[in-house]
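Single-letter residue listing:
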Amino acid sequence: MATSDLALLLTPEGWALLSSLPPYDPQQSLALSRSLREEGHAPALVSAALTQQRLRSRATAKFGPFAQTMLFTPDGLEQATRLTVAAHHAARYAAAESARVADLGCGIGGDAIALAGLELPVLAVDRDETTAALATVNLMPFPHATVRCADALEVDLAAEGVDAVFADPARRADGRRLTSPGQWSPPLEEVLALRGRVDALGVKIAPGTDHAELPPDAHVQWVSVDRDVVEAAVWCGPLAPEGPGRSALVLHDDGSGGTTSHLLSDPDGTDPSLPPAQLDPVVSLEDLGPLIHEPDGAVIRAGLVALAAERLGARPVGPRIAYLTGSTPAGPGLSPFLRSWHLREVLPLRLKALRSRVRAHGIGSLEIHRRGVEVSPEALRASLRLRGNASETWLVTRVGSSARGVVLVVEPTSAGHPVRPVPADDTPL
Ligand SMILES: C[S@@+](CC[C@H](N)C(=O)[O-])C[C@H]1O[C@@H](n2cnc3c(N)ncnc32)[C@H](O)[C@@H]1O
């Protein structure tokens, strides 16, 4: 959003117009725009207000009903921490009894709102002028939150009375994802160096960050929401009461507007900079057990697959493939961290054989997941000529040391969390 658009919305007329808009409906957008202009509102204001109406509608997924009183830019919304996750961040600062938290690189205020919502005094800093202005509006309900437009690394923390820092470096530039932590803004190394100034430091990082880049004496937690891995965060000093190590926090929508949370931790507090433990995979198809388990992405990223496998008495179906096989169902302690299936059949990964399966069983609906093979589920589905009333779930993968792909035909067990299916990726163990 241009600063001039924001200025229009922050006039009494602009704010009144924005507050009067109905919920976003793409079918009505053009007609609404026309009628607002006919009522005499300036086209630039109408356009700015309707953009906010659309962004607020998208933002509901992250901010629930609060989105309706907030302001966003597309980038700010994209990068913002969703409230359910930000609440977990904020709870660490509250438990550490932080006196004043600096949110360095606050964006539109996702994390700062959660901190301020717990009554913590917050200094929210962003170097982008428009973004800082949006954060100011979004933090308006919290008198103990201050927003400053400044460079994160130039804030005099001691002079500000700050004893705890949260930082969420920008990991995108010019629409591109920056994979190297040295390119983030501010760079990860410089943010971690703030430990020389405050003990209580938390840093949100990309889930795929190389474990070797992470401080060995910190606790690193990977977080998934409804099976999407959304982030990892490094927690230092009093913000990590669990001590050094790694954990997976798995959040699920409970279906009634709330969230359930489950935590899997490495009890030995393994050094997060060490590579994850290796597992003995099965050797051949004969070794496959009656159950296949797929660990949640947060468990995989945290390097806790070996821990889950050990507790289940299960083994990977192939080297570096995150499907586990065994005969023990996941109990309530493990089921939130896995999706589990009964293995019904094993098919060769050959188009002709798969097409005849689809024909013979009248399969009209097919859920395909894959790990360890270069197959596009969409392309495979499209080439199968699905027709019929039956539905099946296929796991396309490799078993044992064979380089050949196979299709594991599976059925969900009652264990595991009932969530929307998400195609698996190739993340290795
Ligand atoms: C990933 S976003 C933060 C999102 C925020 N946690 C939220 O939930 O809304 C990163 C922000 O850092 C800001 N930023 C990048 N480099 C900065 C720097 N050196 N000083 C201050 N802010 C910076 C960007 O303008 C961007 O708004």
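Residues numbered from 1 in each chain as written. Predicted model: local features only at pLDDT ≥ 70, side-chain atom pairs only at ≥ 80, totals over all residues. Heavy atoms only, no water.

Trainee: Could you give an account of the sheet that holds strand S9 (residues 228-235), naming the residues involved and the relevant values?
Mentor: Spatial strand order, S3-S2-S1-S4-S7-S9-S8-S10-S11: 9 strands in an open sheet with mixed pairing. The two strands at the open ends of the sheet, each matched to only one other strand, are strand S3 (145-149) and strand S11 (259-265). Averaged over all pairs of adjacent strands, the angle between strand axes in this sheet comes to 20°, irrespective of strand direction. As paired strands, strand S7 (residues 200-205) and S9 are joined by 4 bridges and run antiparallel to one another. Across the sheet, Val203 pairs through a bridge with Val234, a residue of S9. Against the sheet, helix H7 (residues 110-117) makes contact with strand S1 (101-104), strand S2 (122-126), S3 and strand S4 (164-167), and its axis sits at roughly 175° relative to S2, the strand it touches most. Here helix H8 (residues 129-138) sits on the sheet and contacts S2 and S3; the angle it forms with S3, its principal contact strand, is near 170°. (Pairing = 2+ DSSP bridges. Helix = DSSP H or I, 4+ residues; strand = E, 2+ residues; numbered from the N terminus. Axes fitted to C-alpha atoms, helices over the stretch in contact; angles between N-to-C directions. Contact = heavy atoms within 4.5 Å.)

Trainee: Mind laying out the UniProt feature "domain: THUMP-like" (unreviewed entry) in the protein chain, listing which residues take part and the relevant values?
Mentor: The positions UniProt marks with the feature "domain: THUMP-like" (unreviewed entry) are residues 339-412. Segment residues 339-412 splits into 23% helix and 47% strand. End C-alpha atoms: 8 Å apart. (UniProt positions renumbered as here; feature names shortened; annotations may be inferred.)

Trainee: Just give me the short version of the sheet that holds strand S13 (residues 315-316), but keep the residues and values in it.
Mentor: With respect to topology, 7 strands assemble into an open sheet ordered S13-S14-S12-S15-S18-S17-S16, the strand pairing being mixed. One side of each edge strand has no neighbouring strand; the edge strands of this open sheet are S13 and strand S16 (363-370). Pairing geometry for S13 and strand S14 (residues 324-326), over 2 bridges, is antiparallel. Bridge pairing in S14 places Pro316 opposite Leu324.

Trainee: Outline the packing of aromatic side chains, listing residues and values.
Mentor: Under the definition given, this model contains 4 aromatic pairs. Look at Tyr93 and Phe166: their rings are 6.5 Å apart centre to centre, the planes differ by 85°, and that puts the pair in the edge-to-face class. Placement of the pair is Tyr93 in helix H6 (residues 83-95) and Phe166 in strand S4, with a sequence separation of 73 residues. Residues Tyr93 and Phe166 agree in their burial class; the two are buried. Ring geometry for Tyr93 versus Trp235: centroids 6.0 Å apart, planes at 75°, classification edge-to-face. With Tyr93 in helix H6 and Trp235 in strand S9, the pair connects residues that are 142 residues apart, well separated along the chain. Residue classification places Tyr93 among the buried positions, given a relative accessible area of 0%. (Phe/Tyr/Trp six-rings, centres within 6.5 Å; stacked < 30°, edge-to-face > 60°. Buried < 20%, exposed > 50% of the residue type's maximum accessible area, 1.4 Å probe, protein only.)

Trainee: Which residues make up the site of the ligand, and what values go with them?
Mentor: Around the ligand, the surrounding shell holds 22 residues, and the nearest of these are Thr81, Asp126, Ala152, Asp168 and Ser185. At a separation of 2.6 Å, an oxygen atom of the ligand approaches a polar side-chain atom of Asp126. In this structure, Asp168 approaches the ligand through a side-chain N or O atom, which is 2.8 Å from a nitrogen atom. In isolation the ligand has 600 Å² of accessible area, and contact with the protein removes 93% of it. (Near = heavy atom within 4 Å. Polar contact = N/O pair within 3.5 Å; in protein donor to acceptor, adjacent residues only side chain to side chain. Areas by Shrake-Rupley, 256 points an atom, 1.4 Å probe, with all protein chains shown as cover.)

Trainee: Residue-level account of the side chain of Thr393, with values.
Mentor: Position of Thr393 relative to the elements: it lies in strand S17 (residues 390-398). Taking relative accessible area as the criterion, Thr393 reaches 9% and is therefore assigned buried. Once residues within four sequence positions are removed from consideration, Thr393 is found in contact with Trp341, Glu367, His369, Leu408, Val409 and Val410.

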